[in-house]
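# Reading the structure
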Amino acid sequence: MEALSRADEQTLFQFIGKVRNFGNKTRWLITLAGIVKKDSKTPMTLEELIKLPGIGRKSANVILRESGKKAEGIIVDLHVVRVAPRLGIASGTDPKKIETQLMDVLPQKDWAEIGMALSFLGREICRPTNPKCPECLLNACCGYYKTRQK
Ligand code: SF4
């Protein structure tokens, strides 16, 4: 965090220049490093993490998961926003509301893994167009697949 807070934007571009929205993310990284100051002071609760610039619930949930901390929520990215309603375990398009719906129906012991699992399902199988339903492990319990069978 100390080194990051002293970095200039041009230096960071070479590391994250291929990431979407890298200009804003670069500025957020330098700013949040200045706020946190030391690695040892990195917040490790969802409530504290989302106070940092550029850190929403999705990123906070990812940080907690990658740090091995107990999940306080569920990672909901654009893939989960698509897949969860197709499965029939959430509705709508608002990530926060979808996260709440998933937290209501899934046991907390599964929260850390389910977001990433649904995200990877969305990236590999449950694509926006032409989802590969016949080869999907969840097709027996998927609402979207059932409607396609009719
Ligand atoms: S069965 Fe089809 S729509 Fe349902 S989760 Fe799998 S790929 Fe997506």
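Another aspect to go through is the site of the ligand. Inspection of the region around the ligand gives 14 residues, with Cys 126, Pro 131, Cys 133, Cys 136 and Cys 142 positioned closest. Those elements that provide at least two residues to the shell around the ligand are α6 (78-87) and α9 (143-149). It is α6 that contributes the most residues to the shell around the ligand, three residues altogether. Residue composition of the shell around the ligand, by class: eleven nonpolar, one polar and two charged.

Another aspect to go through is the packing of α6 against helix α8 (residues 111-124). The N-to-C vectors of α6 and α8 enclose an angle of 85 degrees; their axes lie 8 Å apart at closest approach. Relative to α8, the element α6 lies roughly perpendicular. Between α6 and α8, the residues in contact are His 79, Val 80, Arg 82, Val 83 and Ala 84 and Gly 115, Leu 118, Ser 119, Leu 121, Gly 122 and Arg 123, respectively.

Relative to the helices and strands, Lys 58 is located in helix α5 (residues 57-66). Along the sequence, Lys 58 and Met 1 sit 57 residues apart, while their C-alpha atoms lie 21 Å from each other. For Lys 58, the contacting residues outside a window of four places in its chain are Ile 75, Val 76, Asp 77 and Pro 95.

Thresholds applied
- Residues numbered from 1 in each chain as written.
- Predicted model: local features only at pLDDT ≥ 70, side-chain atom pairs only at ≥ 80, totals over all residues.
- Near = placed C-beta within 6 Å.
- Helix = DSSP H or I, 4+ residues; strand = E, 2+ residues; numbered from the N terminus.
- Nonpolar A, V, L, I, M, F, W, Y, C, P; charged D, E, K, R; others polar.
- Axes fitted to C-alpha atoms, helices over the stretch in contact; angles between N-to-C directions.
- Parallel < 35°, antiparallel > 145°, perpendicular 65-115°, else oblique.
- Contact = placed C-beta atoms within 7 Å.

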